[in-house]
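This is what each chain is made of:
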Amino acid sequence: MRTDQLLMSSLDITEDGYIFKGQFILSSGDKSRHVDIEELENQSCLEELKNYFELEESPAEIRNILIDMVVEKAQIGSKIREGKNFGELPVK
């Protein structure tokens, strides 16, 4: 299986004094795993995910793909509004 075929859900990113923490759930079929974003820096965590989901990519590639998925998911839900109309309610 390829990493980009995994479903990423329940993404939760928090910030406290510019210290960011995050977690999400990866799933495929009947398998799921809770992942702390900080753990993506550990080779052992990446190897565990590779074996658990039977992923094709190397641990480094898995990490990069998952980080890209986190960034993409975080942007989809973002309601940041800046510029000319900052502070105005969106028109429905």
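Anything mentioned here points back to the structure above.
Cut-offs used in this document
Residues numbered from 1 in each chain as written. Predicted model: local features only at pLDDT ≥ 70, side-chain atom pairs only at ≥ 80, totals over all residues. Heavy atoms only, no water. Core = buried A, V, L, I, M, F, W, Y, C linked by side-chain atoms within 4.5 Å. Buried < 20%, exposed > 50% of the residue type's maximum accessible area, 1.4 Å probe, protein only. Contact = heavy atoms within 4.5 Å. Pairing = 2+ DSSP bridges. Helix = DSSP H or I, 4+ residues; strand = E, 2+ residues; numbered from the N terminus. Axes fitted to C-alpha atoms, helices over the stretch in contact; angles between N-to-C directions. Salt bridge = Lys/Arg side-chain N within 4 Å of Asp/Glu carboxyl O.

This part covers the nonpolar core. The nonpolar side chains of a soluble globular protein tend to be buried with one another. The biggest cluster of nonpolar side chains holds 16 residues, and the ones touching the most others in it are Met-8, Phe-24, Leu-26, Leu-40, Leu-49 and Leu-66. Not counting chain neighbours up to four residues away, the residues in contact with Met-8 comprise Phe-24, Ile-25, Leu-26, Leu-66, Met-69, Val-70 and Lys-73.

Strands pair in a sheet through their backbones, by hydrogen bonds, and they do so in one of two ways: parallel or antiparallel. Reading across from one edge, β1-β2-β3 is the order of the three strands in this open sheet, with antiparallel pairing throughout. Either end of the sheet is taken by a strand with one partner, and the two such strands are β1 (7–16) and β3 (31–36). Across the sheet, the axes of successive neighbouring strands diverge by a mean angle of 10°, strand direction being ignored. The pairing of β1 with strand β2 (residues 19–28) spans eight bridges and is classified as antiparallel. In the sheet register, Ser-9 faces β2, and the bridge partner there is Ile-25. The sheet contacts of helix α1 (residues 43–53) involve β2 and β3, and relative to β3 the element is tilted by about 170°.

As a further point, take the pattern of salt bridges. Two side chains that carry opposite charge are able to pair once their charged atoms sit near each other. Applying the stated rule across the entire model yields three salt bridges. A salt bridge links Arg-2 to Asp-4; the nearest nitrogen and oxygen atoms lie 3.3 Å apart. By relative accessible area, which is 38% here, Arg-2 ends up partly exposed. A salt bridge links Arg-33 to Glu-48; the shortest N-O distance between them is 2.3 Å. Placement of the pair is Arg-33 in strand β3 and Glu-48 in helix α1, with a sequence separation of 15 residues. For Arg-33, a relative accessible area of 22% puts it in the partly exposed group. Relative accessible area serves as the criterion here: at 45%, Glu-48 is assigned to the partly exposed category.

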